[in-house]
Amino acid sequence: RTLKLPSNADGTVLTTTNPKSGNIIQVVSTAKTDVFTTSSTYSSPVAITGLSVSITPSSSSNKILINVSLGHVASTGGNSSCYFWLYKGGSVISGAIGDTSNSNTRVTFYNRSAAQAHGTCASMTYLDNADSTSSLTYQLYGAHEGSSSSLAINRSGDSGTSGQYGRTISTITAMEVAA
């Protein structure tokens with residue numbers, strides 16, 4: 001077969017199906033639009049329903065880039081911490097949590113609400129080794145500092161229903177990166 005181009009054509013023609021190192025091979029994303037709350041404490045985090053994503057790597061030597069974006073995180077009690085962990089296949093990813101120091105809680109990321117009606121968006125990115133060509137499931141887990149109040153996602157810590165209270169979405173995205 002012959003491909004004919006005009007004499008003033010300029011560009012690059014891909015002549016192989018082998019991606020270059022760093023190329024994104026596939027992208028899978030999940031959006032959570034509903035509200036999630038939990039009073040579970042940091043000693044027993046729970047899976048945040050709707051914030052998981054599954055991806056099947058094409059090569060075990062590739063990397064998986066995970067991006068989590070929480071539209072709004074708050075404490076229903078205010079002035080409390082909300083904790084998050086990135087899990088893969090039902091276990092926390094040991095490389096995706098802070099190191100041990102004193103009695104600090106080892107987490108992937110966390111935030112602290114100053115007041116019940118306050119909160120912030122939160123996000124994180126982590127590059128994981130695929131180490132498999134089977135389906136991999138990444139899930140965000142969460143917990144609250146104490147059991148007297150709760151972690152709230154996609155709404156403020158105050159459960160008000162008037163127009164001044166916003167509702168957000170949160171997403172988790174997995175991208176396979178060529179090695």
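Residues numbered from 1 in each chain as written. Predicted model: local features only at pLDDT ≥ 70, side-chain atom pairs only at ≥ 80, totals over all residues. Heavy atoms only, no water.

Caption draft 1: Layout of the environment of Thr168. Among the structural elements, Thr168 can be located in the loop between β10 (151–153) and β11 (170–177). Given the relative accessible area of 24%, Thr168 is considered partly exposed. Measuring from C-alpha to C-alpha, the distance between Thr168 and Cys121 comes to 9.4 Å, with 47 residues separating the pair along the chain. Leaving out residues up to four positions away in the same chain, Thr168 has contacts with Lys32, Thr33, Gly71, His72 and Asn154. Within the structure, Thr168 has its side chain in polar contact with the backbone nitrogen of His72 (distance 3.3 Å). Only 3.0 Å separates the side chain of Thr168 from the side chain of Asn154, close enough to count as a polar contact. (Helix = DSSP H or I, 4+ residues; strand = E, 2+ residues; numbered from the N terminus. Buried < 20%, exposed > 50% of the residue type's maximum accessible area, 1.4 Å probe, protein only. Contact = heavy atoms within 4.5 Å. Polar contact = N/O pair within 3.5 Å; in protein donor to acceptor, adjacent residues only side chain to side chain.)

Caption draft 2: Fine view of the side chain of Ser80. Along the chain, Ser80 falls in strand β5 (residues 80–88). A residue is classified by how much of its surface remains accessible, and Ser80, at 10% relative accessible area, is buried.

Caption draft 3: Quick look at the packing of aromatic side chains. Throughout the structure, instances matching the rule amount to five aromatic pairs. Where Tyr87 meets Tyr141, the ring centres are 3.6 Å apart and the plane angle is 10 degrees; that geometry is what we call stacked. Pair noted here: Tyr87 is in strand β5 and Tyr141 is in strand β9 (residues 136–144), with a separation of 54 residues, a long-range link. No difference in accessibility class separates Tyr87 from Tyr141, as the two residues are buried. A connected cluster of aromatic rings, assembled from ring pairs, spans Tyr42, Tyr83, Trp85 and Tyr110. (Phe/Tyr/Trp six-rings, centres within 6.5 Å; stacked < 30°, edge-to-face > 60°.)

Caption draft 4: Layout of the nonpolar core. Counting 27 residues, the largest nonpolar core has Leu70, Phe84 and Tyr138 as the members making the most contacts within it. Taken together, the elements giving at least two residues each to this core come down to β3 (46–55), β4 (63–75), β5, β8 (120–129), β9, β10 and β11. With five residues, the top contributor of residues to this core is β4. (Core = buried A, V, L, I, M, F, W, Y, C linked by side-chain atoms within 4.5 Å.)

Caption draft 5: Quick look at the pairing of β9. Where burial is concerned, most of β9 is hidden: eight out of the nine residues are buried. Pairing between β3 and β9: six bridges, direction antiparallel. Residue Ser52 lies in a different strand from β9, and its bridge partner there is Gln139. As paired elements, β5 and β9 share seven bridges and run antiparallel to each other. Bridge pairing in β9 links Phe84 to Gly142. (Pairing = 2+ DSSP bridges.)

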